[in-house]
Amino acid sequence: MLPYSSLHEATAALGRNLTFAETFWFNYSANKSDYYLYCHNILFLFVIFSFVPLPLVFVELLRSAGFDKYKIQPKVKLSFSEMLKCYKDVMRMFFLIVGPLQLLSYPSIKMIGIRTGLPLPSGWEIFLQLLVYFTVEDYTNYWIHRFLHCKWGYEKIHRVHHEYPAPIGFAAPYAHWAEILILGIPSFLGPAMVPGHMITFWLWIALRQIEAIETHSGYDFPWNPTKYIPFYGGADYHDYHHYVGEQSQSNFASVFTYCDFIYGTDKGYRYQKKLLWKLKEGVKSGDEHNGGSYYAPTQDLKSD
Ligand SMILES: [Zn+2]
Ligand SMILES: [Zn+2]
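Conventions we followed
- Residues numbered from 1 in each chain as written.
- Chains lettered and ligands numbered in written order.
- Predicted model: local features only at pLDDT ≥ 70, side-chain atom pairs only at ≥ 80, totals over all residues.
- Helix = DSSP H or I, 4+ residues; strand = E, 2+ residues; numbered from the N terminus.
- Buried ≥ 20, exposed ≤ 12 C-beta atoms within 10 Å, placed from the backbone.
- Domains from an automatic or database assignment.
- Contact = placed C-beta atoms within 7 Å.
- Nonpolar A, V, L, I, M, F, W, Y, C, P; charged D, E, K, R; others polar.
- UniProt positions renumbered as here; feature names shortened; annotations may be inferred.
- Axes fitted to C-alpha atoms, helices over the stretch in contact; angles between N-to-C directions.
- Parallel < 35°, antiparallel > 145°, perpendicular 65-115°, else oblique.
- Left-handed = near helix turned anticlockwise from the far one by under 90°.
- Expected span 1.5 Å × (residues − 1).
- Bend = angle between axes of the 7 residues up to and from the residue.
- Core = buried A, V, L, I, M, F, W, Y, C linked by C-beta atoms within 7 Å.
- Arc of directions from axis to C-beta.

**Q** Honestly, the overall build of the chain in this entry has me stumped. Any pointers?
**A** When its secondary structure is counted, the chain shows 15 helices and zero strands. Taking the principal axes of the C-alpha coordinates as reference, the chain spans close to 75 × 40 × 40 Å. Per-residue burial for the chain yields a buried fraction of 30% across its 304 residues.

Structure follows, in structure tokens:
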């Protein structure tokens, strides 16, 4: 809720005219409580979980129309009913855990100082804060994910997320309820360290989930703009983690590749990439076609 009763009052308080975006924000949020604005995240997450993976469903169903060559694990093909089941499971967790978590976590957002007023943050402020949020989440998520691959963590909790050895977009938020709760901590830490505007917070929650859906897409499209983000892992990177499954000691990071590089947990993946590259080069020089299965081994490869 804004502390101004009119646009005129807001202009006087800021000592300048409001920008177009600020006027829009004033008109939208002036009579809405901060709690109500925070709860917008529930609607945003519902829309993202339901609609962002939809193009990937069509791509999976139209594999024969030329998309097959981009599938990371081409031997795996999911039917419409299998994808629908995944979506229904995700929605059950959404209404039982994700939604209530949003409703109940408002006091923590108030405590760390997420603001809803004017002025709105600049584009640079939003960008730099999002960069901090992604970096903090990536680092914290790395260690929690790595812990979840210990025998107890995997069997009791993380096994559920690995039910899809060849991930699909809908499977990004598919996880045990305890994992959903635990992974709320890395998402919260960045905004707690560098609190910003509610709009930045909305963007953070939305972009993190869109990134997770892209990472779980199962497709490695060469024109994907995320390929230009430095140290970005992407679909191929995380797909390998799912492919190896329980034994995986590789590619724990959620967004970037630097943690796995620093702590040496990308060796299996790097070795695999090198092997495949050599295989493709060998096939090329033998004048054979260079298609075929992307992944061959059934367990994590070690280079040492
Ligand atoms: Zn895992
Ligand atoms: Zn995953």
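**Q** Looking at this structure, I do not really get the domain arrangement of the chain. What am I missing?
**A** How big an interface is tends to be stated in terms of accessible area lost as the parts join. When the domains of the chain are assigned, the result is domain 1 (1–30) and domain 2 (32–277). One C-alpha centre belongs to domain 1, the other to domain 2; they are set 35 Å apart. Contacts between domain 1 and domain 2 engage 10 residues on the former and nine residues on the latter. Mapped by element, the contributors of at least two residues to the side of domain 1 that touches domain 2 are helix 1 (7–14) and helix 2 (20–29). At five residues, the largest contribution of residues to the side of domain 1 that touches domain 2 is made by helix 2. Class assignment for the residues of the side of domain 1 that touches domain 2 results in eight nonpolar, one polar and one charged.

**Q** Help me understand the UniProt feature "domain: Fatty acid hydroxylase" (unreviewed entry) in the chain, please; the structure alone is not making it clear to me.
**A** Residues given the UniProt feature "domain: Fatty acid hydroxylase" (unreviewed entry) here are residues 131–265. Helix makes up 56% of residues 131–265 and strand 0%. Its end C-alpha atoms lie 23 Å apart.

**Q** Which parts of the structure should I look at to understand the packing of helix 8 (residues 123–148) against helix 12 (residues 198–215)?
**A** To describe two helices that pack against each other, one gives the angle between their axes and the distance between the axes. Close contact between helix 8 and helix 12 brings their axes to 10 Å; oriented N to C, the two are set at 45°. The angle between helix 8 and helix 12 places the two elements in the oblique class. Relative to helix 12, the crossing made by helix 8 is right-handed. Each of Ile126, Gln129, Leu130, Tyr133 and Glu137 in helix 8 lies in contact with helix 12, whose residues at this interface are Thr200, Leu203, Trp204, Leu207 and Arg208. When grouped by side-chain class, the residues that make up the contact of helix 8 with helix 12 number six nonpolar, two polar and two charged.

**Q** Explanation requested: helix 6 (residues 80–104) in the structure shown.
**A** An α-helix turns once every 3.6 residues. As a result, residues three or four positions apart point the same way. With 25 residues, helix 6 extends 35 Å from end C-alpha to end C-alpha; this agrees with the ideal 36 Å at 1.5 Å per step. Taking the largest bend as the criterion, helix 6 deviates by roughly 50°, centred on phenylalanine 94. Burial in helix 6 covers these residues: Met83, Cys86, Tyr87, Val98 and Gln102.

**Q** What am I meant to see in the nonpolar core here?
**A** One recurring pattern in soluble globular proteins is that nonpolar side chains are buried together. Met83, Cys86, Ile168, Phe170, Ala171, Tyr174 and Tyr219 are the most contacted members of the largest nonpolar core, which has 20 residues in total. Contributing elements (two or more residues each) for this core: helix 5 (54–61), helix 6 and helix 12. The element best represented in this core is helix 6, accounting for four residues.

**Q** What's the story with the UniProt feature "transmembrane region" (unreviewed entry) in the chain in this structure? I'm lost.
**A** Under the local residue numbering, the UniProt record ascribes the feature "transmembrane region" (unreviewed entry) to residues 35–62. A distance of 43 Å separates the end C-alpha atoms of residues 35–62, which is 86% helix and 0% strand.

**Q** How should I be thinking about the environment of asparagine 141 in this particular structure?
**A** For asparagine 141, the location among the structural elements is in helix 8. For the pair asparagine 141 and serine 187, spaced 46 residues apart in the sequence, the C-alpha separation amounts to 8.6 Å. Aside from chain neighbours lying at most four places away, what touches asparagine 141 is Leu183, Pro186 and Ser254.

**Q** Even after reading the chapter, I still don't get unusual backbone geometry, so can you show me in this structure?
**A** If a residue is not glycine, its phi is most likely negative; likewise, a peptide bond is most likely trans. Of the consecutive residues leucine 118 and proline 119, the connecting peptide bond is found in the cis state with omega at 5°. Relative to the assigned elements, proline 119 resides in the loop between helix 7 (106–112) and helix 8. Positive phi, close to 65°, is recorded for phenylalanine 231, a residue that is not glycine. By the element assignment, phenylalanine 231 lies in the loop between helix 12 and helix 13 (234–244).

**Q** Help me out: how do you make sense of helix 5 in this one?
**A** Within helix 5, the full set of buried residues consists of Leu56, Val59 and Glu60. The buried residues of helix 5 occupy one face: seen down the axis, they fall within an arc of 100°. Exposed residues pointing more than 90 degrees away from the buried face of helix 5 are listed as Pro55 and Phe58. On its buried face, helix 5 sits against helix 6.

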